[in-house]
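Here is how the chains run, residue by residue.
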Amino acid sequence: MNKFNKTAMIILLVGVAAIGQGCKKYFELGENPNQVVNPPLNALLSTSTHKAGLNGQRFANLNAYYAQYLASPSASGTADTYQITDNTSQWDNAYYAMADLSDMITKASESGATEHLGVGQLLMAYTLGLVADTWGSAPYSEAFGKEGKLTPKYDSEEELYQASMTLLSESIANLQKTDATTKLDAASDLIHQGNREAWLKTAYGIQARFLNKISKKSTYSAQSVLAAVEKSYGSSSDDASMAVFSGINPWAQLAVSNASNLLGGWLSDNFVNHMNGLKYGIVDPRIAKITDKTVNGTYVGTRNGEGNAGLAANTVHDEVYISLNSPLTNRTSPLYVLNYDELKFIEAEAAFRLGATGLTRAYAAYLAGITENMNRMGVSIAERDAYLANPSVGVGAANLTLGLIFKEKYAVTYLSPEGWNDVRRHDYQYKDFRMPVGAVLSNYIRRVAYPTGERSKNGSNVPAEVPLDTPLWWDKP
């Protein structure tokens, strides 16, 4: 652990002890004599930025099976085959984080700490989006603050989206101010190290992501997406990431556990074949930076729902897994809230949707997104440029398609919670994308069932379950 991480972990421990009061009502916590009743803003900043990174990973791990980045090595895996799963831990972690953020927002607003207020509003929008994009309707308006209820009502999916958009607008307004009574503390800020301008760019980037997510709705505005993009990141040095762990990166922990036969993090054959040349006739050099070859010197994934089709007991490396050698999943790899690579693909899609007038910009952003991601992954210049020059990739502006943009972005959003959003927005229309073996639904999954923990706490307000292939609000015209 480097010097920064050691310092940050000390502050983090203070932040964890300072869990805010907002969660008391919704989660029915009793009085805790060790709880800090009035935590300082920078303690809340520390725990909130830490949780933002971890929750992004937790939700990515939940939905990676639906986006077919990951697959279970065992046949008929519950997530693989679209069975109802209990994701109480992800739900609770998100709501604990939002309770802290609610306290941070209230405290910052009361004291004129506009920088902390802007960060709190941004991370609230981000976390609320994780919940809404997974389950749909959820508690928000009655869940936090002094008026928080033990059994808060559910706000609709559209209401949650609008709440997030309002939070982002307010965040931008506050982060533009330079007269905060309390400045962001560099050591307590585990994402941008106290840099207000960096947070402002991230707020615009997350706004662009939210605006682009409603591509199926009549209110979608490519111009609005691009306006937000233009005020966001200028390079990968602007990325929002968190790299402070009590131990190691959680993706790396999956790889370590695999070595001990606690199996997880196996790559779906859909994703592997997307990269290894089987689907598109060209090997994407990033595959070598994502995973390690099998004992047979090949890249072979696991079919969702089928499990490991190779040797018995899953003890031989004949299918590929998350790798400790990857820049994304090694022991110290950061967890990204947003990065420049994704932003370039948001730009490419929005510009493409403008029609002929946007094609030149769309193609430039498309190439830039691939280039930046390959650079991030450590692909050699020669391999990168050869890939870009391949006629199936470097098609020219006139031949660019939405399908190509989504195809390349699918590689960029590997292990990102945003990946499943794109898969759904693209209606699973990737080359040779297959239903899982033994799927209990007749169509691709579109949402997750409400967790049992929430039903036990707030059952009177939890909506009746609908089939899990029912699209969310933003996923239908």
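Please read these numbers as outputs of a predicted model, since none were measured by experiment.

A.B. asks: Would you take a moment to explain the side chain of Asn273 for this structure?
C.D. replies: With respect to the secondary-structure elements, Asn273 resides in helix α10 (residues 269–275). In this structure the side chain of Asn273 is engaged in a polar contact, spanning 3.2 Å, whose partner is the side chain of Asn276. Excluding residues within four positions of it along the chain, Asn273 makes contact with Leu278 and Lys279.

A.B. asks: Can you walk me through the packing of helix α13 (residues 359–377) against helix α14 (residues 381–389) in this structure?
C.D. replies: Two measures define how a pair of helices packs: the angle their axes make with one another and the distance between the axes. Direction vectors running N to C along α13 and α14 enclose 155 degrees, while the axes themselves pass 10 Å from each other. Relative to α14, the element α13 lies roughly antiparallel. The interaxial crossing formed by α13 with α14 has right-handed handedness. On the side of α13, the interface is formed by Leu367, Ile370, Thr371, Met374 and Asn375, while α14 contributes Arg384, Tyr387 and Leu388. Looking at the contact of α13 with α14, its residues break down into five nonpolar, two polar and one charged.

A.B. asks: Would you mind going over the environment of Ile370 with me for this structure?
C.D. replies: Tracing the backbone through its elements, the reader meets Ile370 in helix α13. On the accessibility criterion, Ile370 (0% relative accessible area) is buried. In the structure, Ile370 is positioned 25 residues away from Phe345 in sequence and 8.7 Å away in space, judged by C-alpha atoms. Look past the residues within four positions of Ile370 in its chain and what remains in contact with it is Arg286, Phe345, Tyr387, Leu388, Val393 and Glu408.

A.B. asks: Would you explain α13 in this entry?
C.D. replies: Within an α-helix, residues lying three or four positions from one another point in the same direction, as the helix has 3.6 residues per turn. For α13, with 19 residues, the first-to-last C-alpha span of 27 Å sits near the 27 Å given by 1.5 Å per residue. Those residues of α13 that fall on the buried side of the exposure criterion are Ala362, Tyr363, Ala365, Tyr366, Gly369, Ile370, Thr371, Asn373, Met374, Arg376 and Met377. Those residues of α13 hidden inside the fold are in contact with α11 (287–290), β6 (335–338), α12 (340–353), α14 and α15 (402–412).

A.B. asks: Hey, could you run me through unusual backbone geometry in this one?
C.D. replies: Across residues other than glycine, the phi torsion is negative in most instances, and most of the peptide bonds are trans. We note that Ser76 has phi near 60 degrees; this positive angle belongs to a residue other than glycine. Following the sequence through the fold, Ser76 ends up in the loop between β1 (70–71) and α4 (88–111). Ser76 sits in the partly exposed class, given a relative accessible area of 47%. With a phi close to 60 degrees, Leu415 is a non-glycine residue in the positive phi region. Along the chain, the position of Leu415 falls in the loop between α15 and α16 (418–425).

A.B. asks: What's the story with the packing of aromatic side chains in this structure? I'm lost.
C.D. replies: Aromatic ring pairs are reported here in terms of the distance separating the ring centres and the angle at which the planes meet. Per the stated rule, a full pass over the model turns up 25 aromatic pairs. Each ring, one from Tyr69 and one from Tyr410, has its centre 4.6 Å from the other, and the planes form 15 degrees; the classification is stacked. In this pair, Tyr69 sits in the loop between α3 (41–63) and β1 while Tyr410 sits in helix α15, placing the two residues 341 residues apart along the sequence. Both residues of the pair, Tyr69 and Tyr410, belong to the buried class. The lysine or arginine in question, Arg353, covers the ring of Tyr220, its NZ or CZ lying 5.7 Å from the ring centre. Note that Arg424 overlies the ring of Trp420, its terminal NZ or CZ placed 3.6 Å from the centroid.

A.B. asks: Which parts of the structure should I look at to understand the environment of Leu343?
C.D. replies: Summarising the element assignment, Leu343 is placed in helix α12. Spatially, the C-alpha atom of Leu343 lies 14 Å from that of Tyr414, the residues being 71 residues apart in sequence. Not counting chain neighbours up to four residues away, the residues in contact with Leu343 comprise Gly205, Ala208, Val229, Ser232 and Tyr233.

About the thresholds
- Residues numbered from 1 in each chain as written.
- Predicted model: local features only at pLDDT ≥ 70, side-chain atom pairs only at ≥ 80, totals over all residues.
- Heavy atoms only, no water.
- Helix = DSSP H or I, 4+ residues; strand = E, 2+ residues; numbered from the N terminus.
- Polar contact = N/O pair within 3.5 Å; in protein donor to acceptor, adjacent residues only side chain to side chain.
- Contact = heavy atoms within 4.5 Å.
- Axes fitted to C-alpha atoms, helices over the stretch in contact; angles between N-to-C directions.
- Parallel < 35°, antiparallel > 145°, perpendicular 65-115°, else oblique.
- Left-handed = near helix turned anticlockwise from the far one by under 90°.
- Nonpolar A, V, L, I, M, F, W, Y, C, P; charged D, E, K, R; others polar.
- Buried < 20%, exposed > 50% of the residue type's maximum accessible area, 1.4 Å probe, protein only.
- Expected span 1.5 Å × (residues − 1).
- Phe/Tyr/Trp six-rings, centres within 6.5 Å; stacked < 30°, edge-to-face > 60°.
- Lys NZ or Arg CZ within 6 Å of the ring centre and 35° of its normal.

Any functional reading would require information that these geometric values do not contain.
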